[in-house]
Amino acid sequence: MSTTAGFSLPVDVILIVLEDLELSDLISLSCTCKFFYGVVNGFGWSAYLRRNERQSFTLHFARERWSPLAQVKYNTLADRGWSYSKFIARPLSRAWSGNLQPVLAVSSSRLLVAAGGIIYSYAIHDPFTEGYGTRFTYDGSYAFTLGSRILGRDITSVVFIDDGGENRIVNIGFVDGCVERFDLPPHDSSNRRQRIFLKRVPDKALHFHAGYAVESVSYSRSSFLSLSSCGSVALTDLSSASATTTTLHLGIRSWSSHLCMTASTPYAAFGITCTAFPAPLFLHYILPSGFSPTASLALDSPHQRPSAVYGITKPPPCSPLGVSDQIVVSGWYDGAVRVHDLRTPEQATSATGGPASLKPVLTLQDPWSLEPVYCVSCGGGSASFVAAGTARHSVVAFWDVRQPSKGWSVHAPGNDASPVYSLILESSRLFGATQSRSFVYDFGPGVTMDTYPSVPPASHRTIDRHLRPMNDGIGYYALKYDHNHVGMPVLRSEVRSQLHEYTGG
């Protein structure tokens, strides 16, 4: 082993020590001398990033070009924004016509917003300055037709399929029960209003659910799953040349699904309306022969009463909750978000004539709202946040699982009286969609007027009445409140005056 001049420790030992140093330790060490400044810049920041991974699709390509130090700075500033619940709220578009149930999908190069029978596409670009968030521009839209420019049925779900990094292949579920695959062609960069019409071919659908609406789709390690409203399930191995499909019929009103093929025993989780089943959330293990014929595990709540589960997800890597493949996070009809840990089988209780039942290890709830949770997503600062979209008033609730009693909620820009139908939470951004528009909360540094597409001034329509830009021209006003258990919800100071305007006070 070689030693460094002036130091008795071998280089290998110094590098091992760097693997365990926290952020403040690395900063202090880099300030001691030129040698350790170089060691920390050469090895320390990279080691820190490996231990503190941040899941962010929209920053993926930018991070590949940033220095390790720039990445650490960005993460630290974003984490600080989360710790103080400070963010820039932006609508991504004017309100759509009609009340829709939009869904979101994101990849490393684009964000898709499906509303009605149309998908709106936003391209992701590198920032002008290293260490600032990526920029979004509106690319254009795709309309899916059943004839000559006759719009087909509404889109209910969409997911990107691995295509070698092109991010153009998507599987789309429709309200008529079909799941079809599309290759989204590029838009003309000189025409930002371009709408490309794509013809549907239901006869060649990847999955068909006999006319029942596709409620949920999920993709994991080349396997694709779709779930219909009547409980029919189809699972296809897309890596196989024959694209073999196995099926399962739950026989009950179903809402949500989550496929995990990376667990030691692959599984699919399903959220249903609870009637005959012991719980509204349960797992089927996926065996070499297909689905286990009966439910393998029921994920229950402490309250034995009818309910439903509308959203299911898992935490990102490096979450304080633990190994993400073994954690299931779900949003329930009673307004709670429940976290189940599949690594605790000793806590499961056997039910007579049914699967073993597992209680949650953590329950999160906004004490000021008992509205159903329609969607959930995990990520945020230090990969420790859970976000839940609720059924009314465009409210998104946030909890840090390290301090679950100190949650807070925020209304989407415009304060629509709408559910939040879809959420995607990254390390520094949350994307969401109400029945009126899509929006983003950006907790990262360097957000400017060019970071997101400009939105025309609010119209005279009622739906746009409360869409108010802030004085800096970047963010929009959004009402926030803490989950305090004593007294009325506490509004943040920057929006109290706006509340008086909204209410006429």
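Fair warning: this is a prediction, and the values are worked out from it, not measured in the lab.

1. Quick look at the sheet that holds strand E11 (residues 214-220)
Step number 1: Read across the open sheet, the 4 strands follow the order E11-E12-E13-E14; overall the sheet is antiparallel. Because the sheet does not close on itself, it has two edges, and the strands there are E11 and strand E14 (245-249). Going across the sheet, the axis of each strand differs from the next one's by a mean of 15°, ignoring polarity.
Step number 2: In terms of strand pairing, strand E12 (residues 223-228) meets strand E13 (residues 232-237) through 5 bridges, oriented antiparallel. If you follow Leu227 over to E13, its bridge partner there is Val233.

2. Things to note about the environment of Asp482
Step number 1: You can see Asp482 is positioned in strand E32 (residues 480-482).
Step number 2: Note: C-alpha distance between Asp482 and Pro367 (115 residues apart in sequence) is 9.7 Å.

3. Digging into the nonpolar core
Step number 1: By size, the foremost hydrophobic cluster in this structure holds 21 residues, and its most contacted members are Leu111, Val113, Tyr120, Tyr122, Phe136 and Phe431.
Step number 2: Broken down by secondary-structure element, the contributors of at least two residues to this core are strand E2 (103-106), strand E3 (110-115), strand E4 (118-125), strand E5 (135-145) and strand E30 (429-434).
Step number 3: Examining the composition of this core, we find that 4 residues originate from one element, E4, more than from any other.
Step number 4: Setting aside residues no more than four positions away along its own chain, Tyr122 makes contact with Leu92, Ser93, Ser109, Arg110, Leu111, Val113, Phe136, Thr137, Tyr138, Asp139, Ser438 and Pro453.
Step number 5: Counting 19 residues, the second-largest nonpolar core is a separate cluster that includes Val396, Trp408, Val410 and Phe443.

4. What about the sheet that holds strand E20 (residues 309-313)?
Step number 1: Spatially, the 4 strands line up as an open sheet ordered E20-E21-E22-E24, and their pairing is antiparallel. At either end of the open sheet lies a strand with only one pairing partner, and these are E20 and strand E24 (362-365). In this sheet, adjacent strand axes meet at a mean angle of 20° when their direction is disregarded.
Step number 2: Relative to strand E21 (residues 327-332), E20 runs antiparallel, the two sharing 4 bridges. Across the sheet, the residue bridging to Val309 is Trp332, located in E21.

5. A word on the packing of aromatic side chains
What characterises a pair of aromatic rings is the spacing of the ring centres plus the angle enclosed by the ring planes.
Step number 1: Tallied over the full model, the rule gives 24 aromatic pairs.
Step number 2: On the basis of an interplanar angle of 50° and a centroid distance of 6.2 Å, the ring pair of Phe270 and Phe282 is categorised as tilted. Placement of the pair is Phe270 in strand E16 (residues 267-272) and Phe282 in strand E17 (residues 281-287), with a sequence separation of 12 residues.
Step number 3: Residue Phe270 is classed as buried on the basis of its relative accessible area of 0%.

6. Here we look at the confidence of the model for the chain
Step number 1: Taken over all residues, the pLDDT of the chain has a mean of 88, while the share at 70 or more is 89%.
Step number 2: Confidence over residues 490-505 falls short of pLDDT 50; this stretch has 29 contacts with residues more than four positions distant or in other chains.

7. Focus: the side chain of Thr313
Step number 1: Along the polypeptide, Thr313 turns up in strand E20.
Step number 2: The residues touching Thr313, leaving out its near neighbours within four places in the chain, are His258, Ile327, Val328, Val329, Val376, Ser377 and Cys378.

8. A short note on a nonpolar patch on the surface
Step number 1: On the surface, a cluster of nonpolar side chains totalling about 210 Å² of accessible area is made up of Leu9, Val13 and Val17.
Step number 2: Checked against the element boundaries, Val17 lands in helix H1 (residues 11-18).

9. So, the environment of Ser97
Step number 1: Note on placement: Ser97 falls in the loop between strand E1 (88-91) and E2.
Step number 2: Of the residues examined, Ser97 reaches a relative accessible area of 62% and is grouped as exposed.
Step number 3: Each C-alpha atom of the pair Ser97 and Ser436 lies 7.6 Å from the other, and the pair is 339 residues apart in sequence.

10. Focus on helix H2 (residues 23-30)
Two residues of an α-helix separated by three or four positions point the same way, owing to the 3.6 residues in each turn.
Step number 1: Turning to H2, its buried residues are Leu23, Leu26 and Ser30. For H2, the buried positions fall inside an angular range of 65° around the axis, keeping them on one side.
Step number 2: Those residues of H2 that are buried lie in contact with H1, helix H3 (34-51) and helix H5 (68-83).

11. Some words on the pattern of salt bridges
Step number 1: This structure, assessed with the given rule, holds 14 salt bridges.
Step number 2: Between Arg50 and Glu19 there is a salt bridge, with its nearest N and O atoms 3.0 Å apart. Taken as a pair, Arg50 in helix H3 and Glu19 in the loop between H1 and H2 lie far apart in primary sequence, 31 residues in all.
Step number 3: We classify Arg50 as exposed; its relative accessible area is 54%.

12. Focus on the packing of H3 against H5
Step number 1: Two numbers describe how H3 lies on H5: the axes approach to 9 Å, and their chain directions differ by 40°. The orientation of H3 with respect to H5, classified from their angle, is oblique. The chirality of how H3 crosses H5 is left-handed. Judged by residue contacts, Asn41, Trp45, Ser46, Tyr48 and Leu49 of H3 engage Pro68, Leu69, Gln71, Val72 and Asn75 from H5.
Step number 2: Residue composition of the contact of H3 with H5, grouped by class: 6 nonpolar, 4 polar and no charged.

13. Details of the side chain of Asn75
Step number 1: Within the secondary structure, Asn75 is located in helix H5.
Step number 2: Here Arg63 takes part through its side chain, which lies 2.9 Å from a polar atom of the side chain of Asn75.
Step number 3: When near neighbours in sequence (up to four residues on either side) are disregarded, Asn75 contacts Leu49, Arg54 and Arg63.

14. Let's talk about unusual backbone geometry
Step number 1: Positive phi outside glycine occurs at Ser85, with the angle close to 50°.
Step number 2: Here Ser85 shows up in the loop between H5 and E1.
Step number 3: Here Ser85 falls in the buried class, since its relative accessible area comes to 4%.
Step number 4: In this model, Cys318 sits at a positive phi of 65°, which is unusual for a non-glycine residue.
Step number 5: Considering the arrangement of structural elements, one finds Cys318 in the loop between E20 and E21.
Step number 6: Given a relative accessible area of 37%, Cys318 falls into the partly exposed group.

About the thresholds
- Residues numbered from 1 in each chain as written.
- Predicted model: local features only at pLDDT ≥ 70, side-chain atom pairs only at ≥ 80, totals over all residues.
- Heavy atoms only, no water.
- Pairing = 2+ DSSP bridges.
- Helix = DSSP H or I, 4+ residues; strand = E, 2+ residues; numbered from the N terminus.
- Axes fitted to C-alpha atoms, helices over the stretch in contact; angles between N-to-C directions.
- Core = buried A, V, L, I, M, F, W, Y, C linked by side-chain atoms within 4.5 Å.
- Buried < 20%, exposed > 50% of the residue type's maximum accessible area, 1.4 Å probe, protein only.
- Contact = heavy atoms within 4.5 Å.
- Phe/Tyr/Trp six-rings, centres within 6.5 Å; stacked < 30°, edge-to-face > 60°.
- pLDDT = per-residue confidence, 0-100.
- Patch = residues over 30% accessible without salt bridge, like charges linked within 9 Å, V, L, I, M, F, W, Y side chains within 5 Å.
- Areas by Shrake-Rupley, 256 points an atom, 1.4 Å probe, with all protein chains shown as cover.
- Salt bridge = Lys/Arg side-chain N within 4 Å of Asp/Glu carboxyl O.
- Arc of directions from axis to C-beta.
- Parallel < 35°, antiparallel > 145°, perpendicular 65-115°, else oblique.
- Left-handed = near helix turned anticlockwise from the far one by under 90°.
- Nonpolar A, V, L, I, M, F, W, Y, C, P; charged D, E, K, R; others polar.
- Polar contact = N/O pair within 3.5 Å; in protein donor to acceptor, adjacent residues only side chain to side chain.

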